[in-house]
Amino acid sequence: MNNEETFFTEVFLQYNMKMKNKLFLFQWLRLLLLLIFSRTSISVKPHKIPRLTPLLENILKDSNTLSSSFTLPKEFETYYYTQTLDHFNYGPKSYSTFKQRYIINSKYWGGSNSSSPIFAYLGAESSIDSDPLGIGFLTDFAPRFKSLLVYMEHRYYGKSIPFGTMEEALKDEDRRGYFNSAQAIADYAELLLHVKQKYSAQNSPIIVIGGSYGGMLASWFRMKYPHIALGALASSAPILYFDDITPQNGYYSIVTKDFKEVSKTCYRTIRKSWSIIDKIASRKNGLSYLSRKFKTCSHLNSSSELKDYLDSIYATAAQYNKPPTYPVTVVCGGIDGAHKGSHVLDRIYAGIVASQGNLSCYNTNVYNQPSETNMGWRWQTCSEMVMPIGRGKNDTMFYSAPFNLDEFIDDCKSNYGVSPRPHWITTYYGGHDIKLILHRFASNIIFSNGLRDPYSSAGVLQDISHSLRAVHTRNGSHCLDILTSKPTDPEWLTMQRKTEVEIIEGWITKYYADLNALKYGKMP
């Protein structure tokens, strides 16, 4: 038994003395010896795929932009388009419609006579309530391009839910079948054509912009609808996290790397903590002890509940490890800054306090609340967005949690009565041999990434052609380049945005030259 196990065994003896009599303690010691020398039973939760899209609500709260009375500035005007329910069928139900929300900002637009561009933001797995302020790339560079700004909400999120609420839509086996990426980008195609007609902007080039899942949609939109979008900026788009293209542990390997680079002692503490949590949880009153130790708002039901909470804290810190706060540094500062001589779980708890604040209790289910986004993303991952994210034994700082497709399918079938289609994304959009394939037919896509973002493990990190560009930064995090710029932004982030803007400028300049040549009959 190592020193940490000895310490916690002693703590448990003291804890149980307060609760049980001597006879129970004798029985407890016998059980303890058996547990130490036997394999620990660990409860397992269904596989989860980390949420993709930027947590804009938190970003805006950090900058004091979002409040309970939050409203968009008056230059952002909200509209609703009567959208087609099913773009790919001709049965009676296919002609049903729903109201799709979109937001327009024409403050900077040069007008239809100038053929000024349209920057279109593709909404992802959340409402677009805060996107116009959180995704500042569009407004930051709109004056330079004199662009019309369009923000479009993804079907089944926010105020663009067919058939009422998300709960109602997901309960209907037929209606939820229209909830997929192909229908979503078809919505965007139809809506953008409507916008061009509404603003008499037939010659205005469209640049689609998206982050994370929205970045995936942006790249796929450019490939599927090149006659509508001149180009795409796909920020932090893990388009290669399907089938076996990216190793399962790609995501958590980068989380591990991020923590290890900040502090090796922090990394070692986290790595050591999982087995201690499991050992304690498997003992009589162990979960009660852990509940008190970590001040959980409700009694822990399993070791996995606490481990899943910690997993989410560490993964979120790495995914959004942005300046100037750098959440990974904050977590490790708490862990390493614990009182000298503190044991592993005390240090882990100090990391929670540093990250989440000194609260009266900690809600271990905060990352799994039944929100609209969580419900919608759960369906999307159980239908087509099957991203095999996992990790093996000792290949990251986390406990072993390999992705098991059979178990994942069973879990989805029990929830929805249908099996996922794990290979549909690569069938419909591609992904295998991407350099060879995209080099032959695709163009005008920027794949931007920050290499500290765990999802960059499945991003396009090398140029494929002169117009299929990979722009990445060593210190960047998830979708950082498309967020609102700040005076405190480091130079490398400013330069990343500058590179992206210059590439887009080149596309538009060439488009205008082609448009002019076509006008005078000089197209080759």
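In this text the structure is predicted, and so the values were computed from the model without any measurement. (Residues numbered from 1 in each chain as written. Predicted model: local features only at pLDDT ≥ 70, side-chain atom pairs only at ≥ 80, totals over all residues. Heavy atoms only, no water.)

1. Observations concerning the sheet that holds strand β3 (residues 118–122)
Overall, mixed pairing links the eight strands, which are arranged β1-β2-β4-β3-β5-β6-β7-β8 in an open sheet. Either end of the sheet is taken by a strand with one partner, and the two such strands are β1 (76–84) and β8 (468–473). Between one strand axis and the next, the sheet turns by 20° as a mean value, whatever way the strands run. Judged from the four bridges that link them, strand β2 (residues 97–105) and strand β4 (residues 148–152) form a sheet pairing that is antiparallel. Counted as the bridge partner of tyrosine 102 is methionine 152 from β4. Against the sheet, helix α8 (residues 213–224) contacts β3, β5 (206–211), β6 (231–235) and β7 (445–450), and its axis sits at roughly 150° relative to β5. (Pairing = 2+ DSSP bridges. Helix = DSSP H or I, 4+ residues; strand = E, 2+ residues; numbered from the N terminus. Axes fitted to C-alpha atoms, helices over the stretch in contact; angles between N-to-C directions. Contact = heavy atoms within 4.5 Å.)

2. Considerations on the pattern of salt bridges
Within the structure shown, the criterion is met by 16 salt bridges. For glutamate 261, the salt bridge is made with arginine 474, and the minimal N-O distance between the two is 3.8 Å. Here glutamate 261 is found in helix α9 (residues 250–262), whereas its partner arginine 474 is found in the loop between β8 and α19 (491–519), with 213 residues between them in sequence. One salt bridge connects glutamate 502 with lysine 498, and the closest N-O pair in it is separated by 2.6 Å. (Salt bridge = Lys/Arg side-chain N within 4 Å of Asp/Glu carboxyl O.)

3. Overview of the packing of helix α5 (residues 137–145) against α19
Any two packed helices are characterised by how steeply their axes cross, that is the angle between the axes, and by the distance between the axes. With their axes 12 Å apart at the nearest point, α5 and α19 run at an angle of 45° to one another. What the angle tells us is that α5 and α19 run oblique. Relative to α19, α5 is oriented so that their crossing is right-handed. Across the interface between the two elements, Phe137, Phe141, Arg144 and Phe145 from α5 touch Arg497, Glu500, Val501, Glu502, Ile504, Glu505 and Ile508 from α19. Within the contact of α5 with α19, the residues separate by chemical class into six nonpolar, no polar and five charged. (Parallel < 35°, antiparallel > 145°, perpendicular 65-115°, else oblique. Left-handed = near helix turned anticlockwise from the far one by under 90°. Nonpolar A, V, L, I, M, F, W, Y, C, P; charged D, E, K, R; others polar.)

4. Here we look at the environment of serine 235
Mapped onto the elements, serine 235 comes out in strand β6. Among the residues examined, serine 235 registers a relative accessible area of 0% and is labelled buried. Between the C-alpha atom of serine 235 and that of glycine 459, which follows or precedes it by 224 residues, the distance is 9.2 Å. Once you skip the residues sitting within four places of it in the chain, serine 235 turns out to touch Gly210, Gly211, Ser212, Gly215, Ser448, Cys479, Asp481 and Ile482. (Buried < 20%, exposed > 50% of the residue type's maximum accessible area, 1.4 Å probe, protein only.)

5. Brief notes about α19
With 29 residues, α19 ought to run about 42 Å at 1.5 Å a step, and its terminal C-alpha atoms sit 42 Å apart, in line with that. Buried within α19 are the following residues: Leu493, Gln496, Arg497, Glu500, Val501, Ile503, Ile504, Trp507, Ile508 and Ala517. Contacts made by the buried residues of α19 are with α5, β5, β6, β7 and β8. (Expected span 1.5 Å × (residues − 1).)

6. So, the state of the cysteines
With the rule as written, the count across this model stands at three disulfides. There is a disulfide in this structure between cysteine 266 and cysteine 332, and the S-S distance comes to 2.2 Å. The chirality of the disulfide connecting cysteine 266 with cysteine 332 is left-handed, given an S-S dihedral of about -75°. One end of the pair, cysteine 266, is in helix α10 (residues 264–281); the other, cysteine 332, is in helix α13 (residues 327–336), with 66 residues separating them in the sequence. The same class applies to cysteine 266 as to cysteine 332, namely buried. Sequence-ordered numbering of the bonded cysteines in the chain gives a disulfide pattern of 1-3, 2-4, 5-6. (Disulfide = S-S within 2.5 Å.)

7. Some details on the pairing of β2
Taken across its nine residues, β2 has seven buried, putting it largely inside the fold. Summarising the sheet, β1 and β2 pair through nine bridges and their orientation is antiparallel. In the sheet register, threonine 78 faces β2, and the bridge partner there is isoleucine 103.

8. Section: the environment of threonine 97
For threonine 97, the position within the fold is in strand β2. The sequence separation of threonine 97 and tyrosine 81 amounts to 16 residues, and the corresponding C-alpha distance is 9.6 Å. Beyond its immediate chain neighbours, meaning those up to four positions away, threonine 97 contacts Thr82, Gln83 and Leu85.

9. Points about α5
All of the buried residues in α5 are Phe137, Leu138, Thr139, Phe141, Ala142 and Phe145. Two residues or fewer after α5 comes lysine 146, characterised by a positive phi angle close to 55°.

So, to be careful, I would describe these as geometric facts and stop short of saying anything about function.
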